[in-house]
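One letter stands for each residue in the lines below.
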Amino acid sequence: MIQHPAFTVAPWSVRESRLHTDVLAQTESVFALSNGHIGLRGNLDEGEPHGLPGTYLNSVYELRPLPYPEGGYGYPESGQTIVNVTNGKLIRLLVDDEPFDVRYGTLHGHERVLDLRAGTLVRRVRWSSPTGAEVRVTSTRLVSFTHRSVAAIRYEVEAVGRPLNIVVQSELVANETVPSMTSDPRAAAALEEPLVLEENTPALTGVGVMVHSTRQSRLRVAAGMRNEIDGPEGTRVEPDGGGHVNRVTVATRLRPGGRLRLDKFFAYGWSAKRSRPAMHDQVVAALAAARLAGWDGLCAEQRRYLDEFWAGADVEVDGDAEIQQAVRFGLFHLLQAGARLERRPIAGKGLTGSGYDGHAFWDTESFVLPVLTYTHPQAAADALCWRESIRPLAQERAVQLGLTGSAFPWRTINGEECSGYWPAGTAAFHVNADIADAVTRYVDATEDSRFERETGLPLLISTARLWCALGHHDAEGRYRIDGVTGPDEYSAVSDNNVYTNLMAQRNLRAAVDTATRHPDLAEKLGVSVEETARWRDGAAAMFVPYDDRLGVHPQSEGFTSHAVWDFAGTGPEQYPLLLHFPYFDLYRKQVVKQADLVLALHLCGESFTPDQKARDFAYYEALTVRDSSLSACTQSVMAAEVGDLELAYAYLGEAALMDLRDLEHNTRDGLHMASLAGAWTALVAGFGGMRAGGGRMCFAPRLPDGITRLAFRLRYRGRLLKVEVTPGATTYRLLGGRPITLSHHGEELHLAQEPVTLPTPAAPALHTEIRQPPGREPAPRRHGTA
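Residues numbered from 1 in each chain as written. Predicted model: local features only at pLDDT ≥ 70, side-chain atom pairs only at ≥ 80, totals over all residues. Heavy atoms only, no water.

S.K.: Residues and numbers for the sheet that holds strand β18 (residues 236–242), please.
M.R.: Here we have five strands laid out as an open sheet, ordered β9-β8-β14-β19-β18, and antiparallel in their pairing. The open sheet has two edge strands, β9 (98–99) and β18, and neither has a second partner. Relative to β9, strand β8 (residues 91–95) runs antiparallel, the two sharing two bridges. Bridge assignment links Val-95 to a residue of β9, and that residue is Glu-98. (Pairing = 2+ DSSP bridges. Helix = DSSP H or I, 4+ residues; strand = E, 2+ residues; numbered from the N terminus.)

S.K.: Which residues make up the pairing of strand β13 (residues 150–160), and what values go with them?
M.R.: The element β13 is largely enclosed, with a buried count of 10 among its 11 residues. Pairing of strand β12 (residues 134–143) with β13, which is carried by 10 bridges, proceeds in the antiparallel orientation. Directly across from Val-143, in β13, lies its bridge partner Ala-151. Between β12 and β13, which follow one another and run antiparallel, lie six residues. (Buried < 20%, exposed > 50% of the residue type's maximum accessible area, 1.4 Å probe, protein only.)

S.K.: Give me the lowdown on helix α17 (residues 645–656), citing residues and values where you can.
M.R.: Between the first and last C-alpha of α17 there are 16 Å, a value that for 12 residues agrees with the 16 Å anticipated at 1.5 Å per step. Of all 12 residues making up α17, 11 are buried, and the element is well covered by its neighbours. Leu-645, Leu-647, Ala-648, Tyr-649, Ala-650, Tyr-651, Leu-652, Gly-653, Glu-654, Ala-655 and Ala-656 are the residues of α17 that are buried. On its buried face, α17 is in contact with α3 (321–338), α15 (610–621), α16 (631–642) and α18 (673–687). (Expected span 1.5 Å × (residues − 1). Contact = heavy atoms within 4.5 Å.)

S.K.: Describe in detail the sheet that holds strand β3 (residues 33–34), supporting the description with residues and values.
M.R.: With antiparallel pairing, the three strands of this open sheet are ordered in space as β3-β4-β5. Each having just a single partner strand, β3 and β5 (55–57) make up the two edges of the open sheet.

S.K.: Which residues make up the pattern of salt bridges, and what values go with them?
M.R.: What the rule picks out here adds up to 60 salt bridges. A salt bridge links Asp-307 to Arg-303; the shortest N-O distance between them is 3.1 Å. A residue pair is termed a helical-turn pair when its members lie 3 or 4 positions apart in one helix, as Asp-307 and Arg-303 do in helix α2 (residues 276–313) at four residues. A salt bridge links Glu-452 to Arg-517, with the nearest nitrogen and oxygen atoms 2.5 Å apart. Residue Glu-452 is located in helix α9 (residues 449–470), and its partner Arg-517 is located in helix α10 (residues 498–517); the two are separated by 65 residues in the primary sequence. Taking the relative accessible area as the measure of exposure, Glu-452 reaches 8% and is therefore buried. Here the salt bridges do not stand alone but share partners, grouping Glu-316, Asp-318, Arg-709, Lys-722, Glu-724 and Arg-733 into one network. (Salt bridge = Lys/Arg side-chain N within 4 Å of Asp/Glu carboxyl O.)

S.K.: If you had to explain empty space enclosed by the protein to someone new, which residues and values would you point to?
M.R.: Throughout the structure, instances matching the rule amount to six cavities of 30 Å³ or more. The computed volume of the second largest cavity comes to approximately 110 Å³. Lining the second largest cavity are 14 residues; nearest its centre among them are Asn-58, Pro-345, Ala-347, Leu-351 and Gly-358. (1 Å grid on protein atoms, 1.4 Å probe; cavity = no way out; pocket = protein on both sides within 12 Å on 5 of 7 lines; lining within 4 Å. Points joined across faces, edges and corners; volume = space filled by probe spheres on them.)

S.K.: Mind laying out the packing of helix α8 (residues 430–446) against α10, listing which residues take part and the relevant values?
M.R.: Two numbers describe how α8 lies on α10: the axes approach to 9 Å, and their chain directions differ by 45 degrees. On the basis of the axis angle, α8 is oblique to α10. When the axes of α8 and α10 are compared, the crossing they make is left-handed. Side by side, α8 and α10 meet where His-430, Asn-432, Ala-433, Asp-434, Ala-436, Asp-437 and Thr-440 of the first sit next to Tyr-499, Thr-500, Met-503, Ala-504, Arg-506, Asn-507 and Ala-510 of the second. Considering only residue class, the contact of α8 with α10 consists of six nonpolar, five polar and three charged. (Axes fitted to C-alpha atoms, helices over the stretch in contact; angles between N-to-C directions. Parallel < 35°, antiparallel > 145°, perpendicular 65-115°, else oblique. Left-handed = near helix turned anticlockwise from the far one by under 90°. Nonpolar A, V, L, I, M, F, W, Y, C, P; charged D, E, K, R; others polar.)

S.K.: So what's going on with unusual backbone geometry? Which residues, and what values?
M.R.: The omega torsion of the bond from Glu-48 to Pro-49 falls at -5 degrees, within 30 degrees of zero and hence cis. Residue position: Pro-49 is located in the loop between β4 (38–40) and β5. Look at the link from Tyr-575 to Pro-576: it is a cis peptide, with omega at -5 degrees. Here Pro-576 lies in the loop between β24 (563–564) and α13 (583–587). Positive phi is not limited to glycine here, since His-745 has a value of about 50 degrees. As for its placement among the helices and strands, His-745 is situated in the loop between β31 (740–744) and β32 (747–751).

S.K.: If you had to explain the packing of aromatic side chains to someone new, which residues and values would you point to?
M.R.: The final tally for this structure, using the stated rule, is 19 aromatic pairs. Measuring from centroid to centroid gives 5.2 Å for Tyr-619 and Tyr-620, while their planes differ by 75 degrees, and the two rings are edge-to-face. Three or more aromatic residues joined by ring pairs make a cluster, and in this case those are Trp-12, Phe-309 and Trp-310. Over the ring of Phe-266 we find Lys-264; its NZ or CZ atom is 5.6 Å from the centre of that ring. Over the face of the ring belonging to Phe-543 we find Arg-478, whose NZ or CZ atom lies 4.2 Å from the ring centre. (Phe/Tyr/Trp six-rings, centres within 6.5 Å; stacked < 30°, edge-to-face > 60°. Lys NZ or Arg CZ within 6 Å of the ring centre and 35° of its normal.)

S.K.: Report on the pairing of strand β17 (residues 220–230), specifying residues and quantitative values.
M.R.: In this sheet, β17 lies alongside strand β16 (residues 207–214) in antiparallel orientation, the contact comprising seven bridges. Looking at the pairing, Val-207 lines up with Arg-226 of β17. Between β16 and β17, which pair antiparallel one after the other, the connecting turn spans five residues, and Arg-218 there sits at a positive phi close to 60 degrees. Bridging between β17 and strand β20 (residues 259–271) involves 11 bridges; their strand directions are antiparallel. Counterpart to Glu-228 in the pairing with β20 is Asp-263.

S.K.: How would you summarise the nonpolar core if you had to cite specific residues and measurements?
M.R.: By size, the foremost hydrophobic cluster in this structure holds 217 residues, and its most contacted members are Ile-166, Val-168, Trp-680, Leu-683, Phe-687 and Leu-710. It is α18 that contributes the most residues to this core, 11 residues altogether. Each residue touching Leu-683, except ones within four places of it in the same chain, is listed here: Val-315, Val-317, Ile-323, Val-327, Leu-652, Gly-688, Ile-707 and Leu-710. Residues Val-150, Ala-286, Leu-287 and Trp-295 belong to the second largest nonpolar core, which totals 16 residues. (Core = buried A, V, L, I, M, F, W, Y, C linked by side-chain atoms within 4.5 Å.)

Spatial relationships are all this shows, so hold off on functional conclusions.
See below:
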């Protein structure tokens, strides 16, 4: 039986009160710390046992071949896999010559706490060696939000009962052995010894430094450490190093109740261009800044950073303590994924694990960035600036495919397409519209005109040009986009995917509007009046197929004519379907892996009537198997909008608890960033009914029975808003900024200094039966539990 970790439910922390070594890999993901530049999995300080060791730097990858039984034009020649870089977390302990190892001796107590307000991982252990020597060990770990290159650990050992000889070894170790993953294509490729040693300087003068380079991608990585020791008189410190290990050994004798404390500061840097001496000096300088702040200073800065974040991002959920914990856990990890990006991507697993090889997908723009845009907008801007930085590669890819504009990759680290599966890597062009949509959303929410000119407009123009190259007007004047793959990975290379066409329509209109606002810059980028006219015409004539017989929108043209998948004949052990059936069979049947048409209902809601939304949602509920973590949050949002609040609540639980309960049994590879974002989305866009665009923010709040109060904070156009929803009334407060006009269930309200309270109406009556494929129903939530 597959186990999942058990955590104590608490509003501001995730606590493991007992160590379970059979789920170490899962807890390593949950307890991961990151700032968007550095990522540390929650491995035990002593390094062993472990599930999956992991220390990551954003965009440090290795190249690997992508072999094809039969080659084809335009196939990527190499893949990219995130590298487990030099491990600076390691602190080994020997007690009277016995190594501290939780698998031996007696573990009297073991607790780990991820503190969502302090931004630290605290571990408390009481252990006796096989010979009866007892110690208490406390470690506190952080990855700094204010010092981009720095992480730190405070490690304390206390002797219990009798005098003890204590040896602590603080290490930097490269090329750790990483266990091979499963055959699941969502897991990562294993790399053996990806780092080549260039320098190993022991900490003879206080700082130890190691510099490596990757074998194929030629990236240079530096890691350094400085250790500050507070121990009894006679404590000895000996630095040494050789091969891929850099070590500082601290030896002392502790009386009962005596303590040894080690503050370990470690720093990283990487570059494709800078020299070894430059990288060496970079980490030495980062460590000097960390030492100046000191341990207490780093902790204080961490707390201040998080206080400011929570002041504009917190979500309060009364009535369901588990969801309360989960949504804050998700927001914390999203902040960790994006806080210090500085023009780097947010990967599908962030920096919490090597799943998906560390690649970034369209998930970032469609699921993660909407949350960050309204809670921590600088992170959204950084992620989009990364897209702009790889636009030249996307333009080259478009030329390779015989197109104009930019063809952004479906999955990547460095900007080059590295999907060996062409129906996604080549045909999933919707990623370009997803990027454009994220640009439009960010500019609307922030009014950042500089970003719009320098980053937004070039992205909008290049993606609009792609749609003109892909689409054409048919004999009836309809604008068609044929032979593309939408979000649903159980369908491929279809004509007129509704989601793709509607998002392309938005992209074209946004390009026209933005080019019109900045005619000087648009002209410099080669945009003519004739070109904007083509964009406008394509958007106006965009074909959105509709099945008059069934009264629903087909996911793509002809989809509703396919045979329906034999759900009754599919056993629970045969999910996910991609691991048990050929794609050929999936592609020609009505079966949906993840929300596709339903995602269009959410993101392009203005294109559908309320009746169409209800009918479409019910139709696709019966076909959607949710073999993707991306699906539940979107289904929650639309279930809430059409009035099935209990179904929406069930999907909220699935999205929010995806990793805390390891629902897809792959949390070991890293956390699902999009699903973490989905908890916020289901609460704010679903039960809060929040929609924004065109300078207006609208709400249509309703609550399920299990939630007695929902309150959330948003940043919009220089304002800080708080919305508080109860079953009877909704209160809007302006916490900062100028007065603003909002909408509540279609009724305008002017919000200034005084709060405004309006009734919370009941959900609309359901007129269509909503059911899921047999065995794929979400677990209902009752009184705050599933």
